[in-house]
Each structure stands twice: as C-alpha cells, then as structure tokens.
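# Descriptive analysis of the structure
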Amino acid sequence: MISARPFRKLPALIAAALLMLTSAAIAGDHLLPEDPALSDENDFDGILYGVFKDLYTPDYPARMIAVQSFQREFAVALHVKDGRYSIVLLDPPTMLWGYQVLADDIRQRDQDLAAGRDARADVKEIADLEVGMPSPDWRTVKPARCERPIDAALGAQLVEDWRAMLLQTRFAQPEPVASESVFVDGDILHFSTWGGGMAGQITTPSNDGGDKTNLLIAIGFAMRDYCKTGDAKQRATIVQAAADLAARLKQDG
C-alpha cells in the first residue's frame with residue numbers, strides 16, 4: 001500500500017519515487033488492485049489489519065477502511081448474521097498513522113546509536129509522539145464499535161455493489177508524465193469482501209464527482225455517519241448512492 005500521509009525521514013530519491021507512485025493510485029472509474037487482507041505486521045498495513053481484524057471474517061461480506069490525512073482512520077462494514085443485516089463501525093480513539101511514524105523513529109534512533117551518531121533528536125521526537133498516544137503499542141488500541149441494523153433489501157444491494165465494483169478492479173492505464181498529478185495528502189480507501197478474496201483501493205480526490213468510485217466512497221462514509229447517528233438523511237444517502245451505483249454498473253455492462 002502507498003500511503004498518502006506526509007513522508008518522513010526518507011531519502012530524497014525514495015520520497016520522489018513514492019510521490020510519483022501516489023499519483024498512479026488515483027483511478028477514474030474503477031478500483032486498483034491490492035492484497036485482500038492488510039496482514040503484514042511490519043508496516044502500516046499490519047497496524048490497520050491488527051486494529052480492524054474483527055471485520056475480516058465471513059460475517060462481513062463488504063468493508064471499507066479509510067486512511068484519512070490528518071484525521072483518525074476508521075473501518076465500516078456490512079454485517080450479515082442469520083439473514084439479518086447491520087452496519088458496523090470501528091472507530092479508534094487515536095490516529096493509527098502515528099504508530100507507523102513512531103516505529104520509523106525508533107528504527108532511526110537504533111540505527112543512529114549503532115553508528116555512534118547523536119540520537120538525541122530521535123529520542124525527543126519519540127517522547128513527543130508517545131505523549132499524545134493512549135499507549136505506545138498499537139496492539140492495545142481498542143476501537144469504539146457501533147452497530148446499526150438495516151433492512152435486508154438494502155443490505156443485499158450493498159453486497160452486490162461491493163462485489164460488482166471489486167470485479168472491475170484493474171490497474172490504471174499509464175498516463176503521459178506531463179499530465180500526471182501528484183497528491184501528497186489525500187484519503188486512501190480500501191474496499192474488500194470476504195468471498196473470493198477480492199480487494200481494491202482508491203485514492204481521493206477523484207477527477208469525476210459522479211463516477212462509480214466516488215459513489216462507492218459516498219456509500220462508505222454515509223454508512224459510517226448513519227451508524228454513528230441513526231439519522232434518516234444518512235440512510236437516504238446510502239439508499240440513493242447504492243441505487244445510483246447499481247444503475248451505473250448496469251449501464252456500463
């Protein structure tokens with residue numbers, strides 16, 4: 001996964017390469033491929049998977065993990081049990097990206113100490129980061145959970161929308177270098193489903209506010225808001241966006 005978060009303590013050439021790759025993660029009307037489970041515990045994907053792993057079971061046929069710039073990450077999913085559908089939200093109390101930054105700083109401190117370099121700046125930065133964390137170990141982070149029921153017809157439509165969008169996941173066509181845009185800050189949305197191990201991601205902003213990926217994103221954020229508030233307007237947003245997405249998918253064949 002390529003994070004859209006600020007790049008810290010990276011050699012200039014590596015940072016430049018990552019910035020160029022970030023632009024490739026911006027697709028127009030489809031998701032880009034990624035691993036079905038964010039399961040590598042040695043990087044940020046592993047932190048995301050570790051905190052949100054309760055949603056990676058067969059009871060959750062559709063899920064979105066949102067990695068937002070300068071905001072807390074969250075995961076929202078559709079829960080199906082005994083034919084009943086509900087929306088589940090996992091909302092951590094702190095930004096998970098900070099734990100990746102902390103791990104990088106600790107690694108840098110250890111390298112500086114091993115090389116006999118002055119590590120006082122590293123030590124201070126580590127201490128400053130830990131002050132703002134509920135715990136220095138991400139494994140202790142317990143996200144708040146909410147669950148709100150929805151009707152079976154809407155639930156089935158969401159499952160189908162997720163499945164159809166993930167079936168269309170593909171790599172973007174290369175663009176001329178001069179036309180590429182670079183986004184350092186943005187949201188990365190990870191979409192996946194249990195059956196078939198399908199997964200895809202999209203980085204915002206997208207070029208077309210009415211495209212299929214933006215409709216899928218709108219559904220995911222409305223699911224989060226509806227789970228939090230129970231607001232009928234948010235439910236209506238889910239219903240409308242799901243119907244619009246289904247229509248676009250049918251239109252495109």
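Above this text is the structure in question.
To keep things clear, this report deals only with the structure shown in the data block. Computed from a predicted model, the values in this text were never measured in an experiment. Positions within a chain are numbered from 1, following the residues in the order the chain's sequence is written. The predicted origin of the model limits local features to residues at a pLDDT of at least 70 and limits the giving and counting of side-chain atom pairs to 80 or more, whereas totals for whole chains, interfaces and linings rest on all residues. Water and hydrogen atoms play no part in the side-chain values, which are based on all heavy atoms of the structure.

### A closer look at helix α5 (residues 152–167)
- Helical segments are the DSSP runs of H or I of at least four residues, strand segments are the runs of E of at least two, and each set is numbered from the N terminus. What a helix is expected to span follows from its residue count: subtract one and scale by 1.5 Å. Helix length check: α5, at 16 residues, gives a terminal C-alpha distance of 22 Å against a target of 22 Å (1.5 Å per residue), a fit within 8%.
- What α5 keeps buried is the set Leu154, Gly155, Leu158, Asp161, Trp162, Ala164, Met165 and Leu166.
- By the criterion applied in these results, polar contacts are pairs of N or O atoms within 3.5 Å in which, for protein atoms, one can donate a hydrogen and the other can accept it, and in which residues neighboring in sequence qualify only through two side-chain atoms. Of the residues that open α5, the one with a side-chain oxygen 3.3 Å from the backbone nitrogen of Ala153 is Asp151. For every residue, the accessible area obtained with a 1.4 Å probe (protein chains only) is divided by the maximum for its type, and the residue is called buried under 20%, exposed over 50%, and partly exposed between those limits.

### Some remarks on the packing of aromatic side chains
- Geometry of aromatic contacts follows a simple scheme: Phe, Tyr and Trp rings, the Trp one being its six-membered ring, pair when their centres are within 6.5 Å, and the pair is stacked under 30 degrees between planes, edge-to-face over 60, tilted otherwise. Applying the stated criterion to the full structure yields four aromatic pairs.
- Judged by centre distance (5.0 Å) and plane angle (90°), the rings of Phe44 and Trp97 are edge-to-face. In this pair, Phe44 is assigned in helix α2 (residues 44–52) and Trp97 in helix α3 (residues 97–114), connecting sequence segments 53 residues apart. Both residues of the pair, Phe44 and Trp97, belong to the buried class.
- Criterion for a charge above a ring: Arg CZ or Lys NZ at most 6 Å from the ring centre, at most 35 degrees from the ring normal. Sitting above the plane of the Tyr56 ring, Arg63 keeps its charged end 4.0 Å from the centroid.
- One Lys or Arg, Arg148, reaches over the ring of Tyr226 and ends 5.8 Å from the middle of that ring.

### A few points about the sheet that holds strand β6 (residues 188–192)
- We call two strands paired when DSSP finds no fewer than two bridges between them. If you trace the seven strands from one edge of the open sheet to the other, you get β1-β7-β6-β2-β3-β4-β5, paired in antiparallel fashion. Only two strands of the sheet have a single neighbouring strand rather than two, namely β1 (32–33) and β5 (144–150).
- Judged from the two bridges that link them, β1 and strand β7 (residues 199–203) form a sheet pairing that is antiparallel. Looking at β7, one finds that Leu32 is bridged to Gln201.
- Working rule for contacts: check all heavy atoms of both residues, and any pair within 4.5 Å makes them a contact. Every angle, taken between N-to-C directions, lies between 0 and 180 degrees, and every axis is a line fitted to C-alpha atoms, over only the stretch in contact when it is a helix. On top of the sheet, α2 reaches β2 (62–67), β3 (74–81), β4 (84–91) and β6; it is set at about 130° to β2, its chief contact.

### Focus on the side chain of Gln100
- Along the chain, Gln100 falls in helix α3.
- With a relative accessible area of 10%, Gln100 lands in the buried category.
- Contact partners of Gln100, with chain neighbours within four places excluded, come to Asp43, Phe44 and Ile47.

### So, the state of the cysteines
- Throughout, a disulfide means two cysteine sulfur atoms within 2.5 Å of one another. Applying the stated criterion to the full structure yields one disulfide.
- Sulfur-sulfur distance for the disulfide between Cys146 and Cys227 comes to 2.3 Å. Pair noted here: Cys146 is in strand β5 and Cys227 is in helix α6 (residues 212–229), with a separation of 81 residues, a long-range link.

### Brief notes about the packing of α3 against helix α4 (residues 120–131)
- For the pair α3 and α4, the least separation of the axes is 9 Å and the interaxial angle reads 155°. In terms of their interaxial angle, α3 and α4 are classed as roughly antiparallel. The hand of the α3/α4 crossing is left-handed. The segment α3 lies against α4, with Val101, Leu102, Asp105, Ile106, Gln108, Arg109 and Asp112 engaging Asp122, Val123, Glu125, Ile126, Leu129 and Glu130. Roughly parallel covers angles under 35 degrees, roughly antiparallel covers those over 145, roughly perpendicular covers 65 to 115, and oblique covers all other angles. Working rule for handedness: look at the near helix, and if it is turned counterclockwise from the far one by less than a right angle, call the crossing left-handed; if clockwise, right-handed.

### Some points on the pattern of salt bridges
- Salt bridges are counted wherever a side-chain nitrogen of Lys or Arg sits within 4 Å of a carboxyl oxygen of Asp or Glu. In total, this model carries 17 salt bridges according to the counting rule given.
- When the shortest N-O distance is used, the salt bridge between Arg72 and Asp91 registers 3.3 Å. With a gap of 19 residues between them, Arg72 in the loop between β2 and β3 and Asp91 in strand β4 connect regions that are remote in the sequence.
- The salt bridge involving Arg235 is made with Asp151; its shortest N-O contact spans 2.3 Å. Of this pair, Arg235 sits in helix α7 (residues 232–252) while Asp151 sits in the loop between β5 and α5, and the two are 84 residues apart along the sequence.
- For Arg235, a relative accessible area of 29% gives the class partly exposed.
- Taken together, the shared-partner salt bridges connect Asp29, Lys212, Arg248 and Asp252 into one network.

### Looking at the pairing of β3
- Across the eight residues of β3, six count as buried, placing the element largely inside the fold.
- In this sheet, β3 lies alongside β2 in antiparallel orientation, the contact comprising five bridges. Its bridge partner lying in β3, Ala62 is registered against Leu78.
- The antiparallel pairing of β2 with β3 creates a hairpin that spans six residues between the two strands, and Phe70 there sits at a positive phi of about 60°.
- Bridge analysis of β3 against β4 gives seven bridges, and the strand direction is antiparallel. Of the residues in β4, the one forming a bridge with Val76 is Leu89.

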